[in-house]
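# Understanding the architecture of this molecule
Each chain is listed here by its residues.
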Amino acid sequence: MQQLPPSEYIFPDPLEVDPEGEGLICIGADLSPSTLFEAYSHGLFPWFSTGEPICWWCPEPRCIIRPQDYQPSKTLIRSMKKQDYRITINQAFERVIRACSLPRSYADDTWISEDIIDGYCAMFDAGYGYSVEVWDQTRLVGGLYGVSIGHGCFGESMFSTETDVSKMAFYTLMLIGRENKLPWIDCQLVNDHLLSLGACTLSRQTYLKSLQDVVNQPAIDWKMYQDGVFSSKTIAQNARLTE
């Protein structure tokens, strides 16, 4: 993990500049690792379309999921036992983010631009990103990626090309959260899919107060996972990654 230089930018307090909770906090800056580190450490994340200036958000309320409370569905467990996919950690970050950037069936465009890909890949290279990959033999069929600062785990996006594989990646992330005693994993914006997986909301003020303690905790040791190859069948049977 690299020691990043101080950010050139200071982000404003969301509670002061956006008391109505509309979510948009500021516009501008860049997507360097130092800037992303500064933003996430203060509860902000970038979200903008190609051709637009960088917009930084801190929504009210905040969507989170508590790993200790997550319960995989019986359907997912059956699927994991039946298919026996391979699951890896941090072995194909750029492939995952590029797969997440592809248009979906319900939308023609994507917010994951080349600038976003470059910025988050640099963040990963500096030791502040993570990915979970799901493989059918040697074919990448699903996964997710995000940012990791201290004990803060911030989810960004996921993808799947086969049934339930993004949920398998999500379950794996929940197990990492449990094993590291993370109080929550940030899901940013509320949507029905996340709520169906067990997500809930916090007020922005509560989230920001918790965040300052979380990001100053010791960093998650991703190395204990990234050299392994996990079986979806074994995960479904044992509900753990580490012994």
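Note that this is a predicted model, so its numbers are computed, not measured. (Residues numbered from 1 in each chain as written. Predicted model: local features only at pLDDT ≥ 70, side-chain atom pairs only at ≥ 80, totals over all residues. Heavy atoms only, no water.)

## Thoughts on the pairing of strand β8 (residues 152-160)
The criterion, for reference: Partly exposed describes any residue whose relative accessible area lies between the buried limit of under 20% and the exposed limit of over 50%, with all areas from a 1.4 Å probe on protein chains only and scaled to the type maximum. We count a stretch as a helix when DSSP gives it H or I for four or more residues in a row; a strand needs E for two or more, and each element gets its number in order from the N terminus. DSSP-based pairing: two strands are paired if at least 2 bridges between them are found. Convention used here: a crossover is right-handed provided that the path from the first strand, over the helix, to the second strand proceeds clockwise when the strands point away from the viewer.
In terms of burial, β8 is largely enclosed, as eight of its nine residues are buried. The pairing of strand β7 (residues 139-149) with β8 spans eight bridges and is classified as antiparallel. Bridge pairing in β8 places valine 147 opposite phenylalanine 154. Between β7 and β8, which pair antiparallel and follow one another directly, the connecting turn spans two residues, one of which, glycine 150, has a positive phi of 60 degrees. Direction of pairing for β8 relative to strand β9 (residues 185-188): parallel, over a ladder of two bridges. When the sheet's bridge partners are listed, phenylalanine 154 is paired in β9 with aspartate 186. One crossover worth recording links β8 to the parallel β9 by way of helix α6 (residues 165-179), and it is right-handed.

## Brief notes about the side chain of serine 41
Worth spelling out the cut-off: Polar contact is the term for a pair of N or O atoms within 3.5 Å; when the atoms are in protein, one must be able to donate a hydrogen and the other to accept it, and sequence-neighboring residues count only if both atoms are side-chain atoms.
Within the fold, serine 41 resides in helix α2 (residues 33-41). Owing to a relative accessible area of 9%, serine 41 belongs among the buried residues under this scheme. In terms of polar contacts, serine 41 uses its side chain to reach the backbone carbonyl oxygen of phenylalanine 37, at 2.7 Å.

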